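# Results of the structural survey
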Amino acid sequence: MYWNGHDMNGWGWFTMSVGTVLLWALLIGAGVLLFRALNRTPPPPPGPTPTPVTPERLLSERFARGEIDEEQYRRSLAVLRENGPTLTKN
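Conventions used here
- Every chain begins its residue count from 1, and numbering advances along the sequence as written.
- The model is predicted, so local features are restricted to residues of pLDDT at least 70 and side-chain atom pairs to those at 80 or more, both for listing and for counting; the totals for chains, interfaces and linings are taken over all residues.
- Only hydrogens and water are set aside; all other atoms, that is, all heavy atoms of the structure, feed into the side-chain values.
- Helix and strand definitions follow DSSP, with helices as H or I runs of at least four residues and strands as E runs of at least two, each counted in order from the N terminus.
- Only the protein chains shown count as cover for residues, with accessible areas throughout obtained via the Shrake-Rupley method and a probe of 1.4 Å.
- Axes here mean lines fitted to C-alpha atoms, for a helix over just the part in contact, with angles spanning 0 to 180 degrees between N-to-C directions.
- Roughly parallel means an angle under 35 degrees; roughly antiparallel, over 145; roughly perpendicular, 65 to 115; everything else is oblique.
- Residue contacts are counted whenever heavy atoms from the two residues lie within 4.5 Å of one another.
- Each residue is assigned to one of three groups, with Ala, Val, Leu, Ile, Met, Phe, Trp, Tyr, Cys and Pro labelled nonpolar, Asp, Glu, Lys and Arg labelled charged, and all others, Gly among them, labelled polar.
- Buried Ala, Val, Leu, Ile, Met, Phe, Trp, Tyr and Cys residues that are joined via side-chain atoms within 4.5 Å together make up what is termed a nonpolar core.
- The classification of residues rests on relative accessible area computed with a 1.4 Å probe and restricted to protein chains. Under 20% of the type maximum is buried, over 50% is exposed, and intermediate values are partly exposed.
- For salt bridges, the criterion is a side-chain nitrogen of Lys or Arg within 4 Å of an Asp or Glu carboxyl oxygen.
- Nonpolar side chains (Val, Leu, Ile, Met, Phe, Trp, Tyr) within 5 Å and like charges within 9 Å form the patches, drawn only from residues with over 30% relative accessible area and no salt bridge.
- As a per-residue measure, pLDDT tells how confident the predictor is, with possible values from 0 to 100.

### Considerations on the overall build of the protein chain
In terms of helices and strands, the protein chain carries 3 helices and 0 strands. Shown N-terminal to C-terminal, the secondary structure of the protein chain runs as helices and strands in the order α-α-α. Accessible surface computed for the protein chain: about 8800 Å², of which carbon and sulfur atoms make up 65%.

What follows is the structure, given as structure tokens:
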């Protein structure tokens, strides 16, 4: 079966060496990829969704910070409750 008399020439040794290095690189790469795939941590759960900011809440925050006085707060609150959903942003 062996046509070369059981001996390898220089190219035979070279191709066998390159093939061995490629085989080991393939096996190590597959092992690393398998380890990373199995050792993956699950993503963190999503945080709580923020509550929508309503105009009344914004108005009460401005009043609490002292940006507006009580009279202006009451007038603005009355306007909001009177015309609430029909107000449009300018």
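### Comments concerning the packing of helix H2 (residues 55-65) against helix H3 (residues 70-83)
H3 packs onto H2 with a crossing angle of 180° between their chain directions and a minimal axis gap of 10 Å. Comparing their axes, H3 and H2 come out roughly antiparallel. Only Glu 70, Tyr 73, Ser 76, Leu 77, Leu 80 and Arg 81 of H3 make contact with H2, whose side of the interface consists of Pro 55, Glu 56, Leu 59, Ser 60 and Phe 63. Taken together, the residues of the contact of H2 with H3 break down into 6 nonpolar, 2 polar and 3 charged.

### Concerning the nonpolar core
Ranked by size, the top nonpolar core spans 5 residues in total: Leu 59, Ile 68, Tyr 73, Leu 77 and Leu 80. When residues in this core are grouped by element, the largest group, 3 residues, is from H3. Ignoring any residue separated from it by four or fewer positions in sequence, one finds Ile 68 in contact with Leu 59, Arg 62, Phe 63 and Tyr 73.

### Re the pattern of salt bridges
Across all of its chains, the model carries 6 salt bridges by this definition. Through salt bridges with shared partners, a single ionic network connects Arg 62, Arg 65 and Glu 67.

### Some thoughts on a nonpolar patch on the surface
Taken together, Leu 23, Trp 24, Leu 27, Ile 28 and Val 32 make up a surface patch of nonpolar side chains, about 520 Å² in accessible area. In this structure, Ile 28 sits in helix H1 (residues 10-38). A relative accessible area of 53% means that Ile 28 is categorised as exposed.

### A closer look at the confidence of the model for the protein chain
Regions with low pLDDT should not have their predicted coordinates read in detail. Per-residue confidence for the protein chain gives a mean pLDDT of 84; residues scoring 70 or more make up 83%. Mean pLDDT values for the elements of the protein chain range from 89 in H3 up to 92 in H1.

### Quick word on the environment of Arg 62
Here Arg 62 shows up in helix H2. By relative accessible area, Arg 62 is classed as partly exposed at 35%. Taking the C-alpha atoms as reference points, Arg 62 and Tyr 73, 11 residues apart in sequence, are found 8.6 Å from one another. Excluding residues within four positions of it along the chain, Arg 62 makes contact with Glu 67 and Ile 68.

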